[in-house]
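Here's the letter readout for the chains.
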Amino acid sequence: MATGRGPMFKLVLLGEVGVGKTSLFFRLRDNVFNQHIKTTTGIDSCSKTVTAGDVQVTFCVWDTAGVERFRTLTRNYYRSAHISVLIYSLDDPSSLHFLPKWIDDTKDFAPNALKVLVGNKADLASKVPEDNVKDFASIYNCDMVFWVSAKTGEGIDDALIKIAEKMLDTLKREECQGGLFDEKDRKRLTDESSGGSGCGC
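This write-up is about the structure you can find in this document. (Residues numbered from 1 in each chain as written. Predicted model: local features only at pLDDT ≥ 70, side-chain atom pairs only at ≥ 80, totals over all residues. Heavy atoms only, no water.)

### Things to note about the overall build of the chain
Here comes step 1: Check the secondary structure of the chain and you find seven helices and six strands.
Here comes step 2: What you see in the chain, going N to C, is helices and strands ordered as β-α-β-β-α-β-α-α-β-α-β-α-α.
Here comes step 3: Per-residue burial for the chain yields a buried fraction of 46% across its 201 residues. (Helix = DSSP H or I, 4+ residues; strand = E, 2+ residues; numbered from the N terminus. Buried < 20%, exposed > 50% of the residue type's maximum accessible area, 1.4 Å probe, protein only.)

So this is what it looks like as structure tokens:
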């Protein structure tokens, strides 16, 4: 049983148009899948809470538009991000190849954010060799790798719990070492454990 509200971590969804960022967002927010969702042309956010051990962890999830003309706008939302979720489509090998530009933005605006590589559309036959994914994760220092399906919900809850556990472990280590969380950030995360609500990232 969870002991109470824990910290909130800002999580941004990144990747090319068509990989399923907005479908993942709606799965997280409403637990639904809409096959006819239109391409995102702005920014949306929601809160998603999971239980990791005996701690309730809240993710402040940002869905960023993938079209090029909105990239300047979305860069503001990298700032203070704790987790960058780099999404590619398992049925489109080129979507993995385009991720480095999103990784570059993450390095510029949230250099210490946890990098999570996510292959979406696990309900379809994969056209991306697993070895290619492992090589990509190694080259670009991705901290975690998951395969999920926004359509069926497969793998999503498990991924969020594992990310939450990783962030809680990092937060504990940061209390001594510093790095991802500065003093102001650590105080805010600690304060959020005892009260407050909403997606305030």
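### Focus: the packing of aromatic side chains
Here comes step 1: For the structure on display, the rule yields three aromatic pairs.
Here comes step 2: On the numbers, 6.1 Å between centres and 35° between planes, the contact of Tyr78 with Phe109 is tilted. Taken together, the residues Tyr78 in the loop between helix 2 (71–75) and strand 4 (83–89) and Phe109 in helix 4 (residues 99–109) connect sequence positions 31 residues apart.
Here comes step 3: Take Tyr78: its relative accessible area is 1%, and that puts it in the buried class.
Here comes step 4: Since its relative accessible area comes to 25%, Phe109 is described here as partly exposed. (Phe/Tyr/Trp six-rings, centres within 6.5 Å; stacked < 30°, edge-to-face > 60°.)

### Quick notes on the pattern of salt bridges
Here comes step 1: Per the stated rule, a full pass over the model turns up six salt bridges.
Here comes step 2: Note that Asp44 and Arg29 form a salt bridge whose closest N and O atoms lie 3.5 Å from each other. Taken as a pair, Asp44 in strand 2 (residues 44–52) and Arg29 in helix 1 (residues 21–30) lie far apart in primary sequence, 15 residues in all.
Here comes step 3: Judged by relative accessible area, which is 30%, Asp44 ranks as partly exposed.
Here comes step 4: Residue Glu130 pairs with Lys134 through a salt bridge whose shortest N-O separation is 3.6 Å. With Glu130 and Lys134 both in helix 5 (residues 130–139) and four residues apart, the pair spans about one turn of that helix.
Here comes step 5: A network of salt bridges, in which partner residues are shared, links Arg29, Asp30 and Asp44. (Salt bridge = Lys/Arg side-chain N within 4 Å of Asp/Glu carboxyl O.)

### So, helix 1
Here comes step 1: Among the 10 residues of helix 1, seven are classified as buried, and the element is accordingly described as predominantly covered.
Here comes step 2: Buried residues of helix 1: Lys21, Thr22, Ser23, Leu24, Phe25, Arg27 and Leu28, and no others.
Here comes step 3: Asn31 occupies a position one or two residues after helix 1 and carries a positive phi of about 55°.

### Here's the deal with the environment of Leu171
Here comes step 1: As for its placement among the helices and strands, Leu171 is situated in helix 6 (residues 156–177).
Here comes step 2: By relative accessible area, Leu171 is classed as buried at 14%.
Here comes step 3: When the C-alpha positions of Leu171 and Pro7 are compared, they lie 9.4 Å apart, and in sequence the two are 164 residues distant.

### As for the sheet that holds strand 2
Here comes step 1: Spatially, the six strands line up as an open sheet ordered 2-3-1-4-5-6, and their pairing is mixed. A single partner strand is all that each edge strand has here, and the edge strands are strand 2 and strand 6 (144–147). With strand direction ignored, the average angle separating the axes of adjacent strands in the sheet is 25°.
Here comes step 2: Of the strands in this sheet, strand 1 (5–14), strand 4 and strand 5 (114–120) touch helix 4, which is tilted by about 170° from strand 4. (Pairing = 2+ DSSP bridges. Axes fitted to C-alpha atoms, helices over the stretch in contact; angles between N-to-C directions. Contact = heavy atoms within 4.5 Å.)

### Regarding unusual backbone geometry
Here comes step 1: Unlike most non-glycine residues, Asn31 shows phi in positive territory, near 55°.
Here comes step 2: Relative to the elements of secondary structure, Asn31 occurs in the loop between helix 1 and strand 2.
Here comes step 3: By relative accessible area, which is 57% here, Asn31 ends up exposed.
Here comes step 4: Phi angles above zero are rare outside glycine, and Ser80 is one such case at about 70°.
Here comes step 5: Within the secondary structure layout, Ser80 lies in the loop between helix 2 and strand 4.

### Topic: the pairing of strand 6
Here comes step 1: The side-chain alternation of strand 6 yields one buried face, formed by Met144 and Phe146, and one unburied face, formed by Val145 and Trp147.
Here comes step 2: Handedness of the β-α-β unit built from strand 5, helix 5 and strand 6 comes out right-handed. (Right-handed = clockwise from strand over helix to strand, strands pointing away.)

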